[in-house]
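Each chain, letter by letter, is given below.
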Amino acid sequence: MKKNIFLSLMGSAFIFNSCSDTVENETITDPVQQRTLLSKITTVYYDNPASPQTTVSTLEYNSQGQLIKTLSDGRSSINEYDSSGKPVKTNYYKTDGTLEYYTLYSYNNDQLQNVKAIYSDTSLNRTINYTYSNGKVATSTLCQTANCSNPSISSYTYNGDNITVETSELGGTITFFTKNEYLYDNQLNPYTFTNKYFRIMMGGAYALSKNNYTSEKISFKDSAGNWVLNQNLVYEITYNSAQLPTQVIGKSLSGANYVKYNYEYITQ
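Quick caveat, the model's predicted, so the values are computed rather than measured.

(A) A look at the environment of P245. One can find P245 in strand β15 (residues 245–252). Sequence separation between P245 and P190 is 55 residues, and the spatial gap between their C-alpha atoms is 6.2 Å. Residue contacts for P245: discarding those within four places in its chain leaves L188, N189, P190, Y206, N212, I237, T238, Y239, Y263 and Y265.

(B) Highlighting the nonpolar core. Counting 48 residues, the largest nonpolar core has L112, Y130 and Y263 as its most contacted members. Residues in contact with L112, not counting those within four places in the same chain, are Y105, S106, Y107, Y130, Y132, Y197 and I200.

(C) Highlighting the environment of K116. Residue position: K116 is located in strand β7 (residues 111–118). By relative accessible area, which is 38% here, K116 ends up partly exposed. Sequence separation between K116 and Y102 is 14 residues, and the spatial gap between their C-alpha atoms is 8.2 Å. Beyond its immediate stretch of four places on either side in the chain, K116 contacts Y102, T103, L104, R126 and T127.

(D) Quick peek at the pattern of salt bridges. With the rule as written, the count across this model stands at four salt bridges. Between E100 and R75 there is a salt bridge, and its shortest N-O distance comes to 2.2 Å. A residue pair is termed long-range when its members are at least 10 positions apart, and E100 in strand β6 (residues 99–108) and R75 in strand β4 (residues 75–81) qualify at 25 residues. When its relative accessible area of 32% is taken as the criterion, R75 is described as partly exposed.

How each quantity is defined
- Residues numbered from 1 in each chain as written.
- Predicted model: local features only at pLDDT ≥ 70, side-chain atom pairs only at ≥ 80, totals over all residues.
- Heavy atoms only, no water.
- Helix = DSSP H or I, 4+ residues; strand = E, 2+ residues; numbered from the N terminus.
- Contact = heavy atoms within 4.5 Å.
- Core = buried A, V, L, I, M, F, W, Y, C linked by side-chain atoms within 4.5 Å.
- Buried < 20%, exposed > 50% of the residue type's maximum accessible area, 1.4 Å probe, protein only.
- Salt bridge = Lys/Arg side-chain N within 4 Å of Asp/Glu carboxyl O.

What follows is the structure, given as structure tokens:
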């Protein structure tokens with residue numbers, strides 16, 4: 001869970017469609033009907049406990065509930081959509097307002113096939129390709145060269161709608177393997193109603209799963225090919241009346257802070 005999604009290769013959209021009409025004066029509690037939209041994420045990292053680092057991301061929407069702009073640490077991204085509501089392009093801007101790069105989205109019918117990041121310096125270009133199994137993302141492959149040599153690959157194992165095991169192979173001069181194992185609650189994930197294509201691009205168990213994971217085991221593979229447990233984390237979650245998390249605090253089993261997220265929402 002410890003990742004600043006809005007600073008990575010993404011620009012996410014949160015679209016909540018009303019499912020049915022309601023009786024006059026009836027109180028609406030369904031977050032879909034309320035068009036509840038994630039508007040702010042505050043993340044505190046405790047890599048250096050003496051000097052925690054905080055990042056804040058704010059999200060702006062159009063009248064259709066589509067995310068059009070994300071702001072984070074002075075940087076911004078702006079999303080473009082086609083007539084069917086699929087994202088087709090995201091422009092990423094530096095703190096001075098100049099374009100840093102943009103991403104293009106390719107589809108095969110209703111499945112997102114790849115996302116390409118395009119820079120003025122073409123040596124920085126990269127592509128993420130996706131494969132699917134039973135309609136769920138099975139792998140994502142990050143290619144940083146034209147022939148996709150030494151890619152980084154993430155593979156996902158599901159239990160129902162939640163990813164229970166995420167295995168990553170970091171490509172490069174030295175290949176590095178990590179494994180994340182998760183247990184979940186039965187409450188709604190902050191990204192449950194996110195545009196599905198942005199969730200795929202965000203990647204990882206928290207964006208792709210239905211619920212919130214409450215524990216995480218992180219392992220790496222040693223030189224003999226054995227998995228070695230590196231971190232064992234638990235997450236304390238506070239929810240609002242719509243069953244959406246408002247705060248998530250990750251700690252080690254010894255009680256040391258690992259990461260903290262605060263989530264804020266708006267309704268339309």
